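Spelled out, the chains give:
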Amino acid sequence: MKQYDYIIVGSGIAGLYTALLAKKQGSVLIITKGSIDDCNTKYAQGGIAAAIGKNDSPETHFKDTLAAGDGLCNTEAVRILVNEASARIADLVNFGVPFDTVDGEISLTLEAAHSTPRILHAGGDATGEHMEVTLSGQARSSKIQVLEDCLATEILVEKGVVKGVKALDCRTGSIEEFNCCYLILATGGAGQLYKFSTNSDVATGDGVALAFNAGAEIADMEFFQFHPTTLCLPGVTPFLISEAVRGEGGVLRNVDGHRFMPDYTPEADLAPRDVVARSILYEAKRTGSDRVFLDVTHLPPHVITTRFPHIYRFCLDHGLDIIKGLIPVAPAAHYMMGGIKTNSWGETNITGLFAVGETACTGVHGANRLASNSLVEAVVFGKRIIARTTKEAEASSNDQGEEIRYSLSQRRVPKTVPPPSRSALQQLLWDKVGIIRHKEGLTEAADVLAAWQKSLPQPTDRPSYELNNMVITGRLVTEAALLREESRGAHFRSDFPQSLPQWQHHIILAK
Ligand SMILES: Cc1cc2nc3c(=O)[nH]c(=O)nc-3n(C[C@H](O)[C@H](O)[C@H](O)COP(=O)(O)OP(=O)(O)OC[C@H]3O[C@@H](n4cnc5c(N)ncnc54)[C@H](O)[C@@H]3O)c2cc1C
């Protein structure tokens, strides 16, 4: 059996950046279930947040992050994020990420709920692609061992300590075991749980399901961010129209051409994502339409083509010239705020098991993520994981503030139900566990998911392992959403529309 110092599962920004640091400390293996650049990272458009502007400060970034997080951010983790962001940006520059500049200075843009321009970008709206290509190029040239088409299926734990991981070779169907001192899950999010999603096909919540099965604590799963504006054209999978488009002056209009966001909130088009997403649903329903429109026709054409070349080109390729015409948009599932609970060094409650990036819940995002805080979270906490494993850092508590622990509820399920399909699961979560939730729908979804979990056959290949993981992760989202009888951040219950002080705590699910 092969033994490594570090095994890293996933090759998005979190996995690659952490691997590049880890290789200076010992042997490293990256396992990734598709090709190296199959991930959400490469789709990131808007950019990466850091308080590097002349009129900005970590303190302002701290306050903006806390405001978006709606009372549930872990303030220690946010403090770390905002203070360490600029040093990690310097690392990315050193690795070769080509951030856009104006007159030799890094160019910064504004995004919703940031009080000042602090978003660095690359290639206009192709930030994630530049990061992924740069970091994967570095990983390849540094000769880090990368196993592509290799899907982690089980975390090996003995007496509370990680020993390694089992993985499926997706090409041959064989299972192999790999041993390590430190296992770092960087498996990304779970947007594929939903029928409409901005996420890549790989975002099936595998890390959360694997960690849960191994006994790790899972936090804040009820908080799933829906992006308000994805291109809504028949036969086209949702394509993100970045928040930065509204940051640059784009406005939302209803089917009658009326600019409606000021009717809902004084922050208008730059309100937090959950507010904009719900306002879109209400406005579409009110006007009897299934969509609204984003208008950038008043912006100078060169702003559109230079700031958003990727969006401009994508729309043009689908017959829509956004310089002249309105962009039909609708919300879609976008980002998992919850995940595998970690302390401020990326450690889980299982010795030797770490989590980083979207699969981790460091507590930075609380109940709602501030735009562009996820790429920076991945690098800030990736660096801290390596510091912890090299004993540069002392152990710290895993406490993220007030928490209540639950296990998945026992549900009475029929003895035999047919196993689900991926699309049936996505439809169920979209209909019952989506942007607007209520007890009846959540209970129905929880019952169906529990029944599906019992009916699933032993997985044998990538699709069947992913479906198993989606059922488990879907159950965690649904059960947490059912437990939280209030509305906060991205979690909105029509039967409990207010935030309630007694709910200002985290929901932790564990076996
Ligand atoms: C369209 C879009 C736009 C976005 N824009 C921004 C933005 O502008 N700014 C920002 O900060 N954030 C943005 N985000 C969010 C951000 O891109 C992600 O949160 C971030 O890239 C996640 O990085 P990651 O490394 O954690 O996961 P990913 O980049 O998704 O990588 C996960 C990796 O894990 C692998 N994997 C998963 N399961 C397994 C398994 N079982 N075995 C082996 N490998 C596995 C995958 O194949 C993949 O390589 C955006 C997201 C999307 C979808």
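Sequence positions are assigned chain by chain, starting from 1 and proceeding in written order. Residue-level local features of this predicted model are given only where pLDDT is at least 70; pairs of side-chain atoms are given and counted only at 80 or more, and the full residue set underlies all totals for whole chains, interfaces and linings. Values reported for side chains reflect all heavy atoms of the structure, with hydrogen atoms and water molecules removed beforehand.

Asker: Explain the side chain of arginine 273 to me, and be specific about the residues and the numbers.
Answerer: Its place among the elements puts arginine 273 in helix α8 (residues 273–286). We call two N or O atoms a polar contact when they sit within 3.5 Å, provided that within protein one can donate a hydrogen and the other can accept it, with sequence-adjacent residues counted only if both atoms are side-chain atoms. A distance of 2.4 Å separates the side chain of arginine 273 from the side chain of glutamate 243, its partner in a polar contact. Helix and strand labels come from DSSP, where a helix needs a run of H or I of at least four residues and a strand needs a run of E of at least two; each type is numbered from the N terminus.

Asker: Describe the pattern of salt bridges, listing the residues and the values that go with them.
Answerer: For this document, the term salt bridge refers to a Lys or Arg side-chain nitrogen within 4 Å of an Asp or Glu carboxyl oxygen. Counted by the stated rule, this structure contains 36 salt bridges. One salt bridge in this structure joins lysine 341 and glutamate 217, with 3.6 Å as the shortest N-O distance. Linking lysine 341 in strand β18 (residues 339–341) with glutamate 217 in the loop between α5 (206–214) and β12 (218–219), this pair joins segments that are 124 residues apart in sequence. Each member of the pair, lysine 341 together with glutamate 217, is buried. Through salt bridges with shared partners, a single network forms among Lys33, Asp206, Arg422, Arg462 and Glu466. Buried means the residue's accessible area, taken with a 1.4 Å probe over protein chains only, is under 20% of the maximum for its type, while exposed means over 50%, and partly exposed covers the values in between.

Asker: Hey, could you go over the sheet that holds strand β20 (residues 360–361) for me, with residue numbers and the actual values?
Answerer: Here we have 5 strands laid out as an open sheet, ordered β20-β18-β12-β22-β21, and mixed in their pairing. Each end of this open sheet is capped by a strand with a single partner; those strands are β20 and β21 (403–406). In short, DSSP must find at least two bridges between two strands for them to pair. Pairing geometry for β18 and β20, over 2 bridges, is parallel. Paired with isoleucine 340 across the strands is alanine 360, a residue of β20. Here, two residues are considered to be in contact whenever any of their heavy atoms come within 4.5 Å of each other. For every element, the axis is a line fit to its C-alpha atoms; helices are fit only across the contacting stretch, and the angle between N-to-C directions ranges from 0 to 180 degrees. Taken strand by strand, α5 contacts β12, β18 and β22 (506–509), and its axis lies near 40° from that of β18.

Asker: Please provide a residue-by-residue account of the nonpolar core, values included.
Answerer: As used in this record, nonpolar core signifies buried Ala, Val, Leu, Ile, Met, Phe, Trp, Tyr and Cys residues forming a set joined through side-chain atoms within 4.5 Å. Among the nonpolar cores identified, the biggest contains 59 residues, and Ile7, Leu183, Tyr194 and Leu476 are the most heavily contacted of them. Broken down by element, the residue count for this core peaks at 9 residues, all from helix α14 (residues 462–483). What leucine 476 contacts, discounting residues up to four positions off in sequence, is Val208, Phe212, Ile218, Met221, Leu408 and Leu509. Val28, Val97, Phe99 and Val379 belong to the second largest nonpolar core, which has 43 residues in total.

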